[in-house]
Amino acid sequence: MSSNDKIAFSVRLKQALERSSRTVETGTQLAIQFNLRYLGESISQQTAHKWLNAQSIPTDDKIRVLANWLDVPFQWLRNGDSEERLIRLEPLNNPVMLSDEEIRHIQKLRVLPEYQRVLIEKLLTEFALMKTGNSDR
């Protein structure tokens, strides 16, 4: 895994944790909450710290537990893509025509480095949560 993959996973994990009803801000808190849900060998505080600080990415079985616990799609948490949207702003069966302005924004977004795209995605998600009233803030 590249360092960009680790950074992107860490950002997605933190985003999912921020949406969670239970406050989890440290590696210790993450390890405790994860170990309550994982049937395999417990993880250490250091392992959870590495996930949060972009030093490592968990195995798929652990990502699956995180995704189930945090109520996010596995594919989204694992590598940032998903057939299922994290937040549905438009019904999937309702095609949406993009305006020229939206197309220009997408073109600008595509040339940004991955970490900047991840940050913009997080910001847009937060705005969407605020608009739809799903934010716990």
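For the structure itself, look to the data block above.
Residues numbered from 1 in each chain as written. Predicted model: local features only at pLDDT ≥ 70, side-chain atom pairs only at ≥ 80, totals over all residues. Heavy atoms only, no water.

### Some details on the overall build of the chain
Applicable threshold: Put simply, DSSP marks the helices as runs of H or I at least four residues long and the strands as runs of E at least two long, and each gets a number from the N terminus on. Accessible area is worked out with a 1.4 Å probe on protein chains only. A residue is then buried under 20% of its type maximum, exposed over 50%, and partly exposed in between. The contact definition used throughout considers only heavy atoms, calling two residues in contact when any of these lie within 4.5 Å. The protein chains shown are the only cover counted for residues, whose accessible areas, like all others here, come from Shrake-Rupley with a 1.4 Å probe.
From N to C terminus, the chain includes seven helices and zero strands. Along the chain, helices and strands appear, N-terminal first, in the series α-α-α-α-α-α-α. The proportion of buried residues among the 137 residues of the chain is 30%. Nonlocal contacts in the chain, meaning residues at least 24 apart in sequence, comprise 56% of its contacts between residues at least 6 apart. For the chain, the accessible area works out to roughly 9300 Å², and carbon and sulfur atoms hold 50% of it.

### What to know about the pattern of salt bridges
What counts here: In what follows, salt bridge is the name for a side-chain nitrogen of Lys or Arg lying within 4 Å of a carboxyl oxygen of Asp or Glu.
Applying the stated criterion across every chain, the model contains three salt bridges. Linking E18 and K122 is a salt bridge whose minimum nitrogen-to-oxygen distance equals 3.3 Å. Taken together, the residues E18 in helix α1 (residues 3-19) and K122 in helix α7 (residues 114-132) connect sequence positions 104 residues apart. A salt bridge links D60 to R78; the nearest nitrogen and oxygen atoms lie 2.7 Å apart.

### A short note on the side chain of T125
Assignment of secondary structure puts T125 in helix α7. Looking at T125, the relative accessible area reads 10%, which means it is buried.

### Considerations on unusual backbone geometry
Here the phi dihedral of A54 falls at roughly 60 degrees; this positive angle occurs in a residue that is not glycine. Mapped onto the secondary structure, A54 falls in the loop between α3 (45-52) and α4 (60-70). Phi is positive for D71, which is not a glycine, with a value near 55 degrees. Inspection of the secondary structure puts D71 in the loop between α4 and α5 (74-79).

### What about helix α2 (residues 27-37)?
For α2, the complete set of buried residues consists of G27, L30, A31, Q33 and F34. Looking at the buried residues of α2, the elements they touch are α1, α3 and α4.

### Details of the packing of aromatic side chains
This is how the line gets drawn: Centres within 6.5 Å are what make two rings of Phe, Tyr or Trp a pair, Trp counting through its six-membered ring; a difference in plane orientation under 30 degrees is then read as stacked, over 60 as edge-to-face, and the rest as tilted. Placement of a charge over a ring requires the Lys NZ or Arg CZ to be within 6 Å of the ring centre, with the centre-to-atom vector within 35 degrees of the ring normal.
All told, the structure shown has two aromatic pairs when counted by the stated rule. Note on F34 and W51: the rings are 5.4 Å apart at their centroids and 85 degrees apart in plane angle, and the pair reads as edge-to-face. On the criterion of sequence distance, the pair formed by F34 in helix α2 and W51 in helix α3 is long-range, its members being 17 residues apart. For F34, a relative accessible area of 0% translates into the label buried. Accessibility expressed as a relative area gives 2% for W51, which makes it buried. The structure contains a cluster of three or more aromatic residues connected by ring pairs, namely F34, Y38 and W51. Its guanidinium or amino end placed over the ring of F74, R64 lies 3.9 Å from that ring's centre, counting from NZ or CZ.

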